[in-house]
Every structure is written in C-alpha cells, then in structure tokens.
Amino acid sequence: MPPAGIFMGWVHYIATHAPEIFLLLAIGIGTLLGRIRIRGFAIGATACTLIVAVILGLLDTFVIPPMLRSILFGFFVFSIGFRSGPEFFASLSLSTLRQVVLALVMGASGLLLILVVAYALHLDPGTAAGLGAGSLTQTSMMGTASGALEQIGLSADRLKQEQANIAAGYAVTYICGYILVLLFVPLVAPRLMGVNLKEEAAKLEAELSAGAPPKAGNLLYRRLQVRAYQVSTAAGGTVSELEARIGNRTSVERILRDGKDVDLHPDTRLEAGDEILLAGPSAVIVAAQRLIGPEIEGEHVMRSVPGQAVEVFVTVRDLHGRTLADIVEKVGDRARGVFLRALTRHGQEVPITPGTQIYVGDVMTLVGFNQNLKNVIPRVGQEIRSSDRTDMAFLAFGLAVGLLVGLLSFTVGSIPLTLGGGGGALVAGLVCGWLRSRRPTLGAFPPAAQQTLSDLGLGGFVAAIGLANGPAAVAAIQAHGLVLLGVGIVVTLTPLIVGTLFAHRILRMNPVVICGALAGAMTVDAAVAGSCDVAQSQTPVLGVAVPYAIANVVLTVLGPIIVALTFVG
C-alpha cells in the first residue's frame, strides 16, 4: 500500500475511534497560528481554529457528539456571562444610559441589515446567522444560533447543512470584519466626526485633571514609598498637622516612643525623639525630612507593619459611573494610607485623574498597609486572589439551570422563539456573576479559571463545528463565498458608521470616548489599543466598559432571533 493510503488509513482509524484527537489538534494548531503577527496584526485563535478544523474535516467523516458541543459552548458563554454580569447589571442606570443606547443602536442596525440581506438574497437561517456572527465579530452568536436550530424540528440532514452554513458564513466574514473594525475605529471614525483624535484626547485629559489638587486621604496617586524619621523639627505638632504640612497623600503609619508603639490618631501629638513611619508618593516623602527631622535606618520601625499591593475587582454598584474624586469623598478617611497604583479596564490601562469614571468590572491595583487595605477593599469590591479555587458546585448548578432555561420555546404566530442552550447558559452566567458580586462568599470563580474555561470552551466548540461540517462548509463557501464577503463588509461597516454619527450628533458623546465605545460595542479589544496608539493617550479606554458588557449579551442573543426571523418551515 502506498504511503498516502497508509496515512489515510490511520486518519480514518483515529477519526472513527478517537475523533477528539483531531479536535485537540485543531485547537492547538489554530491557537499557534492565531498568535502569528504580521505588522502587529493577528487573526486570533478562534478564526484560525475554525479554518484548521474545516481543513481537517476534509480528511474524513467526523462524528462529534452534540452533547460535547453543548457542554463546550456552555462553558464559554457561562464564563462570558459570569465575567460580564456585574458590569451588565450595573450598566442599567441613568449614569451610563448613553453608552447603553449606543450599543443597542449598533446591535439593532446590524440585525436589521442582516434580515434585509437574508430576505433579499433568500439566505437560509444558518448562512444568515454565520454572516451575523462573522460580520459583527461575535463568535458566540454561532453557538446560540446552532442551539436554536436544534430545537425547531429540522431533519438530521438539514440540521447538519444549516450548521455547516453557519461555519461557512462565519469563516468568510469574520477575518474581514475584524480587520475593518481595527481600521475603522482609530482611523475612520475620527474623520467622520471631523476631529483630530490626538488633540481631542489631550483636551479630555486636561478636562479630567481640572480642579483642585487632591486632598489627603484620597486614592489618586500611583507610587508608594515608606521611610522612617526621627522627630525633631515636627515636635509639638499633631499627626494631622504634620500630614497637612507635607501634603500630597502622605500618612503617618506608626509612631514609636522609647521603643513602644503609641496609639495613632490624627490628634496624637509628636514628641522629640519619636520614631515615625511615613508613607506617601516617593518625591514627596523624600523631601519631608526638613519638616520632620533626620531620616533613620528604620528597620525596627517597619518591622511588623506589613504592606502589599493587591488587585481589587470593582463590584460595588454605588461606584459605577462615579469619578475618582466622588469616590474619594464617599470613602473619606477610611482611604487613609491607601494608594491607587494602576487602573485597568479590559486589560488596558486607564488614565488616573480626579475626573476618571470608575465602572463595575474595572481592576484597581491598591497599595498600602494591610490594615488600611482591609478598611478600603470591601468598599470597592473583591480582592483577586490567585489561591482561590473554583466552586464547582456553584458552576455546575448554575450551568445546569441555564441549559434548562434554554429548553424553553415559544411560538409567536408561526415564528418559534427560543434562547437555546447557549442563550440559557449566558443568562445563567450573568445572574451568577451578579450574585457573586453581591455576595463575595458565594461561588468562587477566579479570573484565570474563567479565561481557561472560556478559551477551552470556545476553541473546542468551534473545532467541533469545523470538523463535523468540513466538506459542507467548503461547498457553501464555494457557492456563496464572494457574495457573503461583499455583504459582510457592508454589515460590518453599517453599525460602525451609524454608531459613530449617532453618538456624535445625537448623544453628544466625547469623540475619544466614542472610539472606545465603538470598539466595545463590536467586542474587539484590539481596536481600543489602536485608538490609544493614534490618540497617544489611554483615554479611549474610558468608553469601552459599558458597551462591551451590553454587546456581549445583545449580540449573543441575536443568534436565535436571526434563526427565528429567517426560518421557513
């Protein structure tokens, strides 16, 4: 037997007895290819995994159990929902209404155009859903659409063809849609608004930083240093008087008198010879010696006063949409000795100014002594601990309830409406994430575990779709590829253009914030980074949080809606 025959024999044996090997190969190869960058651009693991899976699917007939696909996709959307839950529910408020409306308008315009195209070109539900998932860059729409198709009573052959059409529509349109979003947000959107993004970012930074300098007790500084001094010049004054004289976020953290601790209060009076521990911004406390007395070695003063840097996930809804200056007033003296070193939103650093708005889902890096941090953390959110273990019972019960909800189906006229398993899992994830933010002792699901489950679930689901429908997907691409590509470009650009003009002219949003919001509404994080590069500022990040949370839900739910409105029994 020739080598090719031997190879195909082995492929057939593996495909028959252990198809999961090819599923894992598709995930591994697709992930590696997705990391390759050409001039800073990478397609991403999801699209590459699907393409690799479709190619592998041409080698043989692969039978992937529907239950496995359901579980994998359930893991993915539950993780997305859990992560977005606190942001999603917190976003339903007047303070963020404009950003919510923008995300809804963009989603609605995308849906309307997809339906118009589907009716005009007589597209089947699978192709229409795949077109939507790829053009609107929301992979989860594939899963919810596939789940909806499984519940409307299709024959096995037609169901398989519809699922293949989903994969084909997505594969043809996703890469182009992703590139268009990356280019449109930082380069085209500012031109449509008639602004220079760099100049607007500088104006926004100045606006956010305007006002009185921060007062003692707030969180608005990023570098913390601790030094020990022996009191001489400051003798006779109180702790509060010394802190006020030094200013700029300094705090006395310990007083030793004759080797013994002195109770520390704002009105505690300092005496000559006292040894004090001073914390504050580096540049300030280095210059404090002339106001206090000589600096000393201080190891005995620093001992037993533990301090650390902790990452805190913002979950307190009362903080959502409020500025750092407002939060300072709210937290008050309880923030004494605690410093904000960094603020990140969806992996991007956010400028720290008095006018910076904080949203549920942000991550604050707080620095301070342990006792001070204990006073502040509960008033901000939850500490992110790498040692936390996933509460598997909470995860399993939540996902099970979500899949159960997905079985519900309603018929409006002749149109069947159902969330499907994916939509149910998303709803369950949103609720569970919100419950976790309200009750931190309930349902631990660390961010690292969320990311792992999300990546494995999405990669596995996409690979399963590609392997099981390889030949049919290729046939669909050959039949409709160029048409879908052209239509996909229109479907991607239309919500972006509508969103830009609507936000700028109707909602009157800041142009820099609009760029971040557009990226969030299309769930393309890389477009935020591109906007930051063009603006030479991190201010575009300010607009991404709320639209991102809303879009993750709205675009995912569009899958069953597209199926319902394009299905012909």
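Read on for a plain summary of the structure. Treat the numbers as computed from the prediction; the structure is a model and nothing was measured.

Attention shifts here to helix α16 (residues 392-406). Helix length check: α16 (15 residues) gives 21 Å between terminal C-alpha atoms against 21 Å at 1.5 Å per residue, within 8%. Measuring from the side-chain oxygen of the N-cap residue of α16 to the backbone nitrogen of A393 gives 3.3 Å; that N-cap residue is D391.

What follows covers the pairing of strand β2 (residues 251-257). For β2, the buried fraction is high: 6 of the 7 residues fall into the buried class. Where β2 meets strand β4 (residues 275-280), 5 bridges bridge the pair, whose relative direction is antiparallel. Looking at the pairing, V252 lines up with L278 of β4. Bridge analysis of β2 against strand β3 (residues 260-261) gives 2 bridges, and the strand direction is antiparallel.

There is a patch of nonpolar side chains on the surface, built from I179, L183, L187, V188, L192, I497 and V534 and spanning about 500 Å² of accessible area. Tallying contributions element by element places helix α8 (residues 156-193) first for the nonpolar patch, with 5 residues. Mapping L192 onto the fold places it in helix α8.

What follows is about the side chain of Q99. Following the sequence through the fold, Q99 ends up in helix α5 (residues 97-121). The buried category is assigned to Q99, whose relative accessible area is 9%. A distance of 3.2 Å separates the side chain of Q99 from the side chain of Y359, its partner in a polar contact. If we skip the residues at most four places from it in the chain, Q99 touches Y359, M509, G543, V546 and P547.

What follows deals with helix α17 (residues 420-438). A rise of 1.5 Å per residue sets the reference length of α17, with its 19 residues, at 27 Å; its end C-alpha atoms lie 27 Å apart and thus fit the reference within 8%. Most of α17 sits inside the fold, with 14 of its 19 residues counted as buried.

On to the pairing of β4. Of all the 6 residues making up β4, 6 are buried; the element is thus mostly covered by neighbouring parts of the structure. The alternating pattern of β4 places E275, L277 and A279 and I276, L278 and G280 on opposite faces, both of which are buried.

It is worth spelling out the packing of aromatic side chains at this point. Going through the model one piece at a time under the given rule, you end up with 12 aromatic pairs. Geometrically, the ring pair formed by F78 and F82 is tilted, given 6.3 Å between the ring centres and 35° between the ring planes. Of the two residues, F78 and F82 are both situated in helix α4 (residues 66-90); the distance of 4 residues between them amounts to about one turn of the helix. We classify F82 as buried; its relative accessible area is 6%.

Another aspect to go through is empty space enclosed by the protein. Scanning the model with the defined rule gives 2 cavities of 30 Å³ or more in all. For the largest cavity, the calculated volume is near 40 Å³. As for the largest cavity, its lining consists of P86, A90, T315, R317, V360, W434, S437 and R438. Going through the elements one at a time, α4 and α17 are the ones with two or more residues in the lining of the largest cavity. The element best represented in the lining of the largest cavity is α17, accounting for 3 residues.

Each value, and the rule that gives it
- Residues numbered from 1 in each chain as written.
- Predicted model: local features only at pLDDT ≥ 70, side-chain atom pairs only at ≥ 80, totals over all residues.
- Heavy atoms only, no water.
- Helix = DSSP H or I, 4+ residues; strand = E, 2+ residues; numbered from the N terminus.
- Expected span 1.5 Å × (residues − 1).
- Polar contact = N/O pair within 3.5 Å; in protein donor to acceptor, adjacent residues only side chain to side chain.
- Buried < 20%, exposed > 50% of the residue type's maximum accessible area, 1.4 Å probe, protein only.
- Pairing = 2+ DSSP bridges.
- Patch = residues over 30% accessible without salt bridge, like charges linked within 9 Å, V, L, I, M, F, W, Y side chains within 5 Å.
- Areas by Shrake-Rupley, 256 points an atom, 1.4 Å probe, with all protein chains shown as cover.
- Salt bridge = Lys/Arg side-chain N within 4 Å of Asp/Glu carboxyl O.
- Contact = heavy atoms within 4.5 Å.
- Phe/Tyr/Trp six-rings, centres within 6.5 Å; stacked < 30°, edge-to-face > 60°.
- 1 Å grid on protein atoms, 1.4 Å probe; cavity = no way out; pocket = protein on both sides within 12 Å on 5 of 7 lines; lining within 4 Å.
- Points joined across faces, edges and corners; volume = space filled by probe spheres on them.

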